[in-house]
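# Fold and geometry: a report
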Amino acid sequence: MSTCPAEPICDTDTFKADPDIAGIGVILAFLISAWSSLLIVTADYISTPEGEPLVLLDAIFSGYIRKLIEKPWPLESIRPVVQMMSDQQLVTGTAILSVGYIQHCTITQYHFFIVYLLGFISCQVYDASLNTLHGRIGKRPIMKLWRAILMTALFGMVILNTFVTDHDDFLYYYGASTQCVWNKFIGVGHYRSYTLDLFLSLALLSWEYFECIALIYPRISKPVRRALNIFRLWLFCCQGLYSRIERLRSNVERELAKPCHTRTGTRSPTTSIAKLCLGTSINLGLSLIQLFLWTLFLPIFTISEILKSNILNIWRVYSALLWATMIIAETKQEVNSDDLIDGSESDWGFGQLLPLFLLILPVMAIVELFQGTQGPGDEEAKNTIACPKCQHQISLLSNDTSRYEEAARVPSGPTNNTESTESKDFQLNRQDTEARVGFSDSSTADTESKTNDPAHVKLNLQERMHESAYFRVFLVLCALAAFGGSTYGAIMGYAY
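Here is a short report on the structure shown in this document. Not measured: the values here are computed from a predicted model.

### Re unusual backbone geometry
You will see that Leu 171, though not glycine, has its phi angle at about 65°, which is positive. Here Leu 171 lies in the loop between α6 (141-165) and α7 (179-182). Even without being glycine, Asp 339 reaches a positive phi, approximately 55°. Within the secondary structure, Asp 339 is located in the loop between α12 (310-337) and β2 (341-342).

### Examining the layout of surface pockets
Roughly 640 Å³ of volume is contained in the second largest pocket. Lining the second largest pocket are 25 residues, with Phe 113, Thr 165, Asp 166, Tyr 194 and Trp 323 positioned closest to its centre. Within the residue set of the lining of the second largest pocket, elements represented by two or more residues are α5 (109-133), α6, α8 (195-216) and α12. Among the elements that take part in the lining of the second largest pocket, α12 stands out by supplying five residues, more than any other.

### Brief notes about a nonpolar patch on the surface
Taken together, Leu 28, Ile 32, Trp 348, Phe 350, Leu 353, Leu 354, Phe 357, Leu 358, Ile 360, Leu 361 and Met 364 make up a surface patch of nonpolar side chains, about 1,100 Å² in accessible area. Those elements that provide at least two residues to the nonpolar patch are α2 (24-46), α13 (350-358) and α14 (360-372). With respect to the helices and strands, the residue Trp 348 is situated in the loop between β2 and α13. Judged by its relative accessible area of 48%, Trp 348 falls in the partly exposed class.

### Considerations on the packing of α5 against α12
At a minimum axis separation of 10 Å, α5 and α12 run at an interaxial angle of 165°. The orientation of α5 with respect to α12, classified from their angle, is roughly antiparallel. As for how α5 packs across α12, the hand of that crossing is left-handed. Residue composition of the contact of α5 with α12, by class: 18 nonpolar, six polar and three charged.

Thresholds, definitions, all that
- Residues numbered from 1 in each chain as written.
- Predicted model: local features only at pLDDT ≥ 70, side-chain atom pairs only at ≥ 80, totals over all residues.
- Heavy atoms only, no water.
- Helix = DSSP H or I, 4+ residues; strand = E, 2+ residues; numbered from the N terminus.
- 1 Å grid on protein atoms, 1.4 Å probe; cavity = no way out; pocket = protein on both sides within 12 Å on 5 of 7 lines; lining within 4 Å.
- Points joined across faces, edges and corners; volume = space filled by probe spheres on them.
- Patch = residues over 30% accessible without salt bridge, like charges linked within 9 Å, V, L, I, M, F, W, Y side chains within 5 Å.
- Areas by Shrake-Rupley, 256 points an atom, 1.4 Å probe, with all protein chains shown as cover.
- Salt bridge = Lys/Arg side-chain N within 4 Å of Asp/Glu carboxyl O.
- Buried < 20%, exposed > 50% of the residue type's maximum accessible area, 1.4 Å probe, protein only.
- Axes fitted to C-alpha atoms, helices over the stretch in contact; angles between N-to-C directions.
- Parallel < 35°, antiparallel > 145°, perpendicular 65-115°, else oblique.
- Left-handed = near helix turned anticlockwise from the far one by under 90°.
- Nonpolar A, V, L, I, M, F, W, Y, C, P; charged D, E, K, R; others polar.

These figures come from the coordinates and say nothing about function on their own.
Next up, the structure:
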């Protein structure tokens, strides 16, 4: 940080009001925008179609939600709204945090704390919206670059502000200058009271930034994910052991089903009993090993499903917003009750009304987007191929379909060999054209992709886990416990 022209005041509680930062209109505009954005993200989660791939926990909750709530509007009308609201959070969060750095010499620690909380809110809502979009943020490289730059600035300032807000001297005096903390910024001894909080906050914010930047540029995450796969080798080995034990049990059961005969062809009761006892013992031992592996991997798969689910991230952001809203209200109430402010930050002037009236712009855009997706020709336009050349080739082939359908209805005979051969050639030509223009039967394409994609070939243990009703009940109970713990932590003053 640059040197200030005057020595900062570090031992005063009273300070002048700054409605441009902590005014009631500014705070309401941020909170209304953040909560409404998160509600739209939730609507996008509810409107996720059944065919879209989801982790098991999201699939379970989506199934419950579909039984209770009808989809409010088509998914195509929500995704542009989510993207617009996420960009709004990105811009407003970066703007309010920049004020705290530009005015670092004069801004009080109270106002810097408000700036940090508002920027933290924007950061969390942007993370939730970007994860909901699943990386669908547009394919224009220049727009992706600008979002990556703003996102890096937003997360970078929030991470740096965490060092300030967790400093031992921060908010010891509400009216003290933030520069007093910046002057003692470096040094482990300044963070003794909130060491664990600082570590957890930095770890979570860093991981959120990595996930967000990986959604914009997926290639960045490939080296890291390959490195993490090394730690999953033991998991694959244990799953392979479970599959081998399953095959051994099947072989033992098949051997037990075979009748026992002596050399003379007569059945020996003694041999049958010995074979039955031996096979039962082996089968029991293998079952105990499988039960041990099941018990071992039950918490591992449960934690993995919970951490990968989108519903947990959305609920965590709800808890973070609840925490930030409560902290802002409590801080302002404490300052006002102790008469520490010289002036008023609750007067409704131009600077307070302008942010609230600017909220009308995204509302108008949302209404326009919603009405634009409800036209009578939307379904036809959605199914139309955008490429003119592709449309021309498909239309030519479609016009010739009726001729070959009539030929197919004629009984087969010597006179129809030519038409049959021509029909087969047409089908091959059509499949080749559809493959080149990117238009094919969705069911066939999905089946082939799932067959050839190694990600869809689940190991036996994981597949059995997902199909087990006990695992699903245990997973839902653990998720509800995580949701309750997150909400309770937010109420008690902790948010991660």
